[in-house]
Amino acid sequence: MKMKNVSFLALTCIIVCFSISALFPTGYAQQTVGVKEGDWMEYGITVTGTGSLPPNHDIRWMRMDVLTVDGTAFSVNITVKYANGTMGSSIWKFDFTEGHTGGWLIIPANLGLGDTFFDYSPPDNVPIQHEEQKTVLGATRTVTRGNDAIRQSKEWDKTTGISIGSVEMAQNFTNRDGWYIENLTMTIQATATNMWGRQILGLEQSVFALFISGLTFMVTTAFSALIIWQKKNLTNLSLRYPLLSKKAIPAIIIVGIIVFAYIVIPFVWMNKGLSNAEVNMIMQSVWLSLILASMWFRKIDKQFIHGFLMSAVIIATFISFASVLLMWSPSDSVHMTSVYFSSTTKIAEFIAHGIFSIPALAFGAWFVALWRPNSITFPAKSKRVVQLMVIMWLLSYLVGLLFYMKDYTILLGVY
């Protein structure tokens, strides 16, 4: 009798467990967060069709910066640029347990075909309807897709769950504020991210920028040695062509190098798809390598080449900063705040870099003010200023290099 009771109880438990499991869809996957603090993605947005969007939704560019992650909940700073050129920023709260996905901007990670995620507005389990391998921002990624009545096609990077693009339509629609939308299609496409990088010559794009930076030092050193080695030939050239004095020849060479570095390098590499941070890393390496080359000429008592080269680099750097300031706008302040002050770590990076870069530029300006091409006393007067400037410039570069490696590569293990 007891044996029958035990058997009956066991059978009842099996039936109950089976019944309970049948209540849940088999495709409901674990809701895990695939993004981490410091991750960001930028998007370009185009709008086509008849009518117009409400001014507070008519955006043309967007950036998402992940701020904090706590279990299935996390916060994201959303920065947008409107069609009229103004910018705005706000912090969005995500929580996969409660179905807060920010309009499917970020969904749980590693959802495959047939899996679902919960969306609270309106309450529904949204299925993943497609999965494929695609090239996204230069890298091969597994891409998933889903849709509904408005989102004709929403794509996500499977590993992270972050949206990489969508096509959204609104036809004969009146929003809650009474704004009528006739027939519009909004296309959103990811344009840049730090979550993965495309490969160039077998290297991650961000690491490739470091490779070019190192190559810059080698080329600059070799070129400086070539100028010293060809000193006799350059002297003969100036004697053959009186207009080319001993000082004119190196001046022409230096100006050519600066113009090439200042104009050609950024243009070529940005057209190759490198980000602003990667181009800036290369440019800072160019400037530092030229400064160190200048110190080499100072050491062998080539004071004109030293002074001219150092001054050219410093002036080029100031022109670069001035061009940014001249094009500065209130909207840029919003974007800068969202990027550089989005977390305690970012603030620390910004302050640490400023501690060294501001004095470096100040000593650089002092050097330019002191330099006189034909001055006999210039080497002695500028000795301490040059030493302090080079030390600060070098420390600023090293701090920037470390933060670049931390923010854009996995070389320090914290990317």
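Keep in mind that what you see is a predicted model, and the values were worked out from it rather than measured. (Residues numbered from 1 in each chain as written. Predicted model: local features only at pLDDT ≥ 70, side-chain atom pairs only at ≥ 80, totals over all residues. Heavy atoms only, no water.)

Student: Kindly report on the overall build of the chain, identifying the contributing residues and their values.
Tutor: Each helix and strand in the chain was counted, giving nine helices and 13 strands. For the chain, the residues scored as buried account for 39% of the 415 residues in total. In the chain, the share of contacts with a sequence separation of at least 24, taken over all contacts with a separation of at least 6, comes to 56%. As displayed, the chain has an accessible area near 22,900 Å², and 66% of this comes from carbon and sulfur atoms. (Helix = DSSP H or I, 4+ residues; strand = E, 2+ residues; numbered from the N terminus. Buried < 20%, exposed > 50% of the residue type's maximum accessible area, 1.4 Å probe, protein only. Contact = heavy atoms within 4.5 Å. Areas by Shrake-Rupley, 256 points an atom, 1.4 Å probe, with all protein chains shown as cover.)

Student: Lay out the sheet that holds strand S2 (residues 59–70) with the relevant residues and their values.
Tutor: Read from one edge to the other, the open sheet built from nine strands follows the order S4-S3-S2-S1-S11-S10-S9-S8-S7, with strand pairing classed as antiparallel. Only two strands of the sheet have a single neighbouring strand rather than two, namely strand S4 (87–95) and strand S7 (130–136). Each strand axis lies, on average, 25° off the axis of its neighbour in the sheet, ignoring direction. Sheet topology note: the S7/strand S8 (residues 139–146) ladder contains seven bridges and is antiparallel. By the bridge assignment for S8, His-130 is matched with Arg-145. (Pairing = 2+ DSSP bridges. Axes fitted to C-alpha atoms, helices over the stretch in contact; angles between N-to-C directions.)

Student: Account for the nonpolar core, with residues named and values stated.
Tutor: In terms of nonpolar packing, the biggest core is built from 35 residues, with Trp-287, Ile-291, Met-310, Phe-367, Met-389 and Trp-393 touching the most fellow members. Sorting the residues of this core by element identifies helix H2 (205–229), helix H5 (276–299), helix H6 (303–326), helix H8 (344–370) and helix H9 (378–408) as the ones contributing at least two each. Membership of the second largest hydrophobic core comes to 30 residues, among which are Val-35, Ile-59, Phe-96 and Met-195. (Core = buried A, V, L, I, M, F, W, Y, C linked by side-chain atoms within 4.5 Å.)

Student: Describe H5, naming the residues involved and giving the relevant values.
Tutor: The end-to-end C-alpha distance of H5, which contains 24 residues, comes to 35 Å, matching closely the 34 Å that a straight helix rising 1.5 Å per residue would cover. At the C-terminal side of H5, Asp-301 shows a positive phi close to 65°. (Expected span 1.5 Å × (residues − 1).)

Student: Now, about the environment of Leu-370: what can you tell me, with residues and values included?
Tutor: With respect to the element layout, Leu-370 can be found in helix H8. Under the relative-accessibility criterion, Leu-370 is labelled partly exposed at 26%. Not counting residues within four places of it along the chain, the set of residues in contact with Leu-370 comprises Phe-378, Lys-381, Ser-382 and Val-385.

Student: Please set out the pairing of strand S5 (residues 116–120) residue by residue, giving values where relevant.
Tutor: By the bridge criterion, five bridges tie S5 to strand S6 (residues 123–127) in an arrangement that is antiparallel. The partner of Phe-118 across the bridge, within S6, is Asn-125. Between S5 and S6, which pair antiparallel one after the other, the connecting turn spans two residues.

Student: Report on the environment of Val-143, specifying residues and quantitative values.
Tutor: If you trace the backbone, Val-143 turns up in strand S8. Separated by 13 residues in the primary sequence, Val-143 and Trp-156 place their C-alpha atoms 5.6 Å from one another. Discounting chain neighbours no more than four positions away, the residues touching Val-143 are His-130, Glu-131, Glu-132, Lys-134, Val-136, Glu-155, Trp-156 and Ile-164.

Student: I'd like a description of the packing of aromatic side chains, backed by residues and values.
Tutor: Counted under the stated rule, the structure contains ten aromatic pairs. Measuring from centroid to centroid gives 6.0 Å for Trp-104 and Trp-156, while their planes differ by 50°, and the two rings are tilted. Of the two residues, Trp-104 is situated in the loop between S4 and S5 and Trp-156 in strand S9 (residues 151–157); the sequence distance between them amounts to 52 residues. The pair Trp-104 / Trp-156 is uniform in exposure class, with both members buried. (Phe/Tyr/Trp six-rings, centres within 6.5 Å; stacked < 30°, edge-to-face > 60°.)

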